[in-house]
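# Structure assessment
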Amino acid sequence: MSETFTGGCQCGAVRYTFSGPVPPAYACHCGECKKQSASAFSMSIPFAFQDLTVTGTPTHFETIAHSGKRKYNYFCGDCGTRLWHSGTNPPTAITLKVGTLDHAMDIAPVGHLWISKKQAGITLDPASDQHQTQPDDVFAWRNNLGQ
């Protein structure tokens, strides 16, 4: 029997659930992720959108990622909490924002992207998989974390 996890935005207008286990997390230290999280980095887990049960209706906006590909940024239209990103609209393969989980205290990143942009004073676990920028196939890298 697998564990059920819940999460959502700050105001509660958008909620989600999924059954575990939680995929391995990674942190991105690029400027875009720092800006979207308003912090030193953003932590995400790769996920199949079909595995989430979502209540409420997130909105989205489109950006162009450093790779030149389109990225759809899904968030709560009421409070602005960023929930997940996807390369497609509607979303399929997503990167779920770890900070939106109701209980994320035990989740540590096993990999780091864009450490060349890392905020001063942040120390990384030397055993983690670290990249100065990002792997050529970041999708495959995310899906093979922790293996």
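Just so it is clear, the structure is predicted and the values come from calculations on it, not from any experiment.

## Observations regarding the sheet that holds strand β9 (residues 93-97)
- With mixed pairing, 8 strands are arranged side by side in an open sheet as β6-β7-β8-β9-β4-β3-β10-β11. In the strand order of this sheet, the two ends are held by β6 (59-64) and β11 (129-130), each with one partner.
- Strand direction decides the pairing type here: strand β4 (residues 42-48) and β9, joined by 5 bridges, are antiparallel. Counted as the bridge partner of Ser44 is Lys97 from β9.

## So, the side chain of His112
- For His112, the location among the structural elements is in strand β10 (residues 109-113).
- Classification of His112 by relative accessible area gives buried; the value is 4%.
- Setting aside residues no more than four positions away along its own chain, His112 makes contact with Ala27, His29, Leu124, Ser128, Asp129, Gln130, His131 and Trp141.

## Looking at the layout of surface pockets
- Approximately 770 Å³ is the volume found for the largest pocket.
- What lines the largest pocket is a set of 34 residues, and nearest its centre among them are Ala65, Ser67, Lys71, Val138 and Arg142.
- Elements represented by at least two residues in the lining of the largest pocket include exactly β3 (25-28), α1 (31-37), β4, β7 (70-75), β8 (82-86), β9 and α2 (138-143).
- Grouping the constituent residues of the lining of the largest pocket by class yields 15 nonpolar, 11 polar and 8 charged.
- Forming the walls of the second largest pocket are 15 residues, and the residues nearest its centre are Ser37, Lys97, Val98, Gly99 and Thr100.

## Brief notes about the pattern of salt bridges
- Under the definition given, this model contains 3 salt bridges.
- Asp102 is the partner of Arg15 in a salt bridge, and the nearest nitrogen-oxygen pair spans 2.5 Å. You can see Arg15 sitting in strand β2 (residues 15-19) and its partner Asp102 sitting in the loop between β9 and β10, a full 87 residues away along the chain.
- Classification of Arg15 as partly exposed rests on a relative accessible area of 28%.
- Asp102 sits in the partly exposed class, given a relative accessible area of 34%.

## Considerations on the packing of aromatic side chains
- Here the structure, examined in full by the defined rule, presents 7 aromatic pairs.
- Pairing Phe5 with Phe18 gives two aromatic rings, centres 5.3 Å apart and planes at 20 degrees, and the pair type is stacked. On the criterion of sequence distance, the pair formed by Phe5 in strand β1 (residues 4-8) and Phe18 in strand β2 is long-range, its members being 13 residues apart.
- Taking 6.5 Å as the distance between ring centres and 15 degrees as the angle between the ring planes, the aromatic pair formed by Tyr16 and Phe18 counts as stacked. The same class applies to Tyr16 as to Phe18, namely buried.

Conventions adopted
Residues numbered from 1 in each chain as written. Predicted model: local features only at pLDDT ≥ 70, side-chain atom pairs only at ≥ 80, totals over all residues. Heavy atoms only, no water. Pairing = 2+ DSSP bridges. Helix = DSSP H or I, 4+ residues; strand = E, 2+ residues; numbered from the N terminus. Buried < 20%, exposed > 50% of the residue type's maximum accessible area, 1.4 Å probe, protein only. Contact = heavy atoms within 4.5 Å. 1 Å grid on protein atoms, 1.4 Å probe; cavity = no way out; pocket = protein on both sides within 12 Å on 5 of 7 lines; lining within 4 Å. Points joined across faces, edges and corners; volume = space filled by probe spheres on them. Nonpolar A, V, L, I, M, F, W, Y, C, P; charged D, E, K, R; others polar. Salt bridge = Lys/Arg side-chain N within 4 Å of Asp/Glu carboxyl O. Phe/Tyr/Trp six-rings, centres within 6.5 Å; stacked < 30°, edge-to-face > 60°.

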